[in-house]
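This is what each chain is made of:
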Amino acid sequence: YYPTAYSRDAARESLALFEEIGDRRNAAISRLVVAWEGQYDGDADHYRAMIARSRDELGDSDDGWWRGMTHYLDALLSLRCGEFDASARQWRDSLDRIRPTGDRIIGNAILAHLGIALREAGRRMAALTVLRETVDDARGLGSLHGLAFALAHLAHTRLDLDESDDVTALLAEADEIARRAQNPRCQAWAA
């Protein structure tokens, strides 16, 4: 979801407090929370520097989960900036780091975003394959948010390929699931 003024302020306050007390690990995590908003707006280079600093400070803690998340955030920034091939590489790197941790929810989100990056890079058939896998995976996980997101982007990719035979049904399902999950962003994509 788009960060609110309150959430932006809270993230910055958290970072300032952890830095003040010298808690480097939690300051690094708070820095990533601040950098999360970079997918929407702001100076991408500033957020990339924050992510790189956190990556150095967190290292491979939590069996590499945090390192995978730093690549996730880098990929979000690249996607926002229109660097689609770079984003696809970063999503793959993030997925390679997250899968061994067993976090299937984040893994599913990475797959969906990889599909978007591939589509925007002009590799629509590869995107279609990845997004179909994402939908199947989200169904298996029971992740309503992940499923609504994947269905909407699968439908958009099918439209890009002029394969519109089941797009209406995909979008209707995405909308219904997004409503149940109270996810207005996915509702908008489905609309």
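Notes on the structure follow. (Residues numbered from 1 in each chain as written. Predicted model: local features only at pLDDT ≥ 70, side-chain atom pairs only at ≥ 80, totals over all residues. Heavy atoms only, no water.)

Some thoughts on the overall build of the protein chain
- Scanning the protein chain from terminus to terminus reveals 10 helices and 0 strands.
- Tracing the protein chain from N to C terminus, the helices and strands come up as α-α-α-α-α-α-α-α-α-α.
- Relative to the globule expectation of 16 Å for 191 residues, the C-alpha radius of gyration of the protein chain, 17 Å, shows essentially globular dimensions.
- A principal-axis box enclosing the C-alpha atoms of the protein chain has dimensions of 60 × 30 × 30 Å. (Helix = DSSP H or I, 4+ residues; strand = E, 2+ residues; numbered from the N terminus. Rg over C-alpha atoms; globule rule 2.2 N^0.38 Å.)

What to know about helix α8 (residues 144-160)
- Compared with the 24 Å implied by 1.5 Å per residue over 17 residues, the 24 Å span of α8 between its first and last C-alpha is a close match.
- α8 sits mainly inside the fold: 12 of its 17 residues count as buried.
- Against the buried residues of α8 lie α6 (104-120), α7 (124-141), α9 (167-181) and α10 (184-190).
- One or two steps after α8, the chain reaches D162, where phi turns positive at roughly 60 degrees. (Expected span 1.5 Å × (residues − 1). Buried < 20%, exposed > 50% of the residue type's maximum accessible area, 1.4 Å probe, protein only. Contact = heavy atoms within 4.5 Å.)

Here we look at the pattern of salt bridges
- Applying the stated criterion across every chain yields a total of 25 salt bridges.
- In this structure, the salt-bridge partner of R97 is D93, at a minimum N-O distance of 3.2 Å. Taken together, the residues R97 and D93, both in helix α5 (residues 84-98) and 4 residues apart, mark about one turn of the helix.
- Judged by relative accessible area, which is 24%, D93 ranks as partly exposed.
- A salt bridge links D165 to R158; the nearest nitrogen and oxygen atoms lie 2.7 Å apart.
- For R158, a relative accessible area of 8% corresponds to the buried category.
- One connected set of salt bridges, linked through shared partners, spans E19, R24, R31, R53 and E57. (Salt bridge = Lys/Arg side-chain N within 4 Å of Asp/Glu carboxyl O.)

Details of the nonpolar core
- The biggest cluster of nonpolar side chains holds 55 residues, and the ones touching the most others in it are Y72, W91, I110 and L151.
- Not counting residues within four places of it along the chain, the set of residues in contact with Y72 comprises W36, W91, S94, I106, A109, I110 and H113. (Core = buried A, V, L, I, M, F, W, Y, C linked by side-chain atoms within 4.5 Å.)

Side note on the packing of helix α1 (residues 5-21) against helix α2 (residues 24-36)
- Running from N to C, α1 and α2 cross one another at 160 degrees; their axes reach a closest spacing of 8 Å. Here α1 is positioned roughly antiparallel relative to α2, judged by the angle of their axes. In terms of crossing hand, the pair formed by α1 and α2 is left-handed. Each of A11, R12, S14, L15, F18 and E19 in α1 lies in contact with α2, whose residues at this interface are N26, A27, S30, R31, V33 and V34.
- Broken down by class, the residue content of the contact of α1 with α2 amounts to 6 nonpolar, 3 polar and 3 charged. (Axes fitted to C-alpha atoms, helices over the stretch in contact; angles between N-to-C directions. Parallel < 35°, antiparallel > 145°, perpendicular 65-115°, else oblique. Left-handed = near helix turned anticlockwise from the far one by under 90°. Nonpolar A, V, L, I, M, F, W, Y, C, P; charged D, E, K, R; others polar.)

Things to note about the packing of aromatic side chains
- Taken as a whole and judged by the stated rule, the model has 4 aromatic pairs.
- Ring plane angle 10 degrees and centroid distance 5.8 Å describe the contact between W36 and Y72, whose orientation is recorded as stacked. Taken together, the residues W36 in helix α2 and Y72 in helix α4 (residues 65-80) connect sequence positions 36 residues apart.
- Since its relative accessible area comes to 32%, W36 is described here as partly exposed.
- Geometrically, the ring pair formed by F149 and W189 is edge-to-face, given 5.2 Å between the ring centres and 75 degrees between the ring planes. Here W189 lies in helix α10 and F149 lies in helix α8, a separation of 40 residues in the sequence.
- Judged by its relative accessible area of 13%, F149 falls in the buried class. (Phe/Tyr/Trp six-rings, centres within 6.5 Å; stacked < 30°, edge-to-face > 60°.)

These figures capture arrangement, not role.
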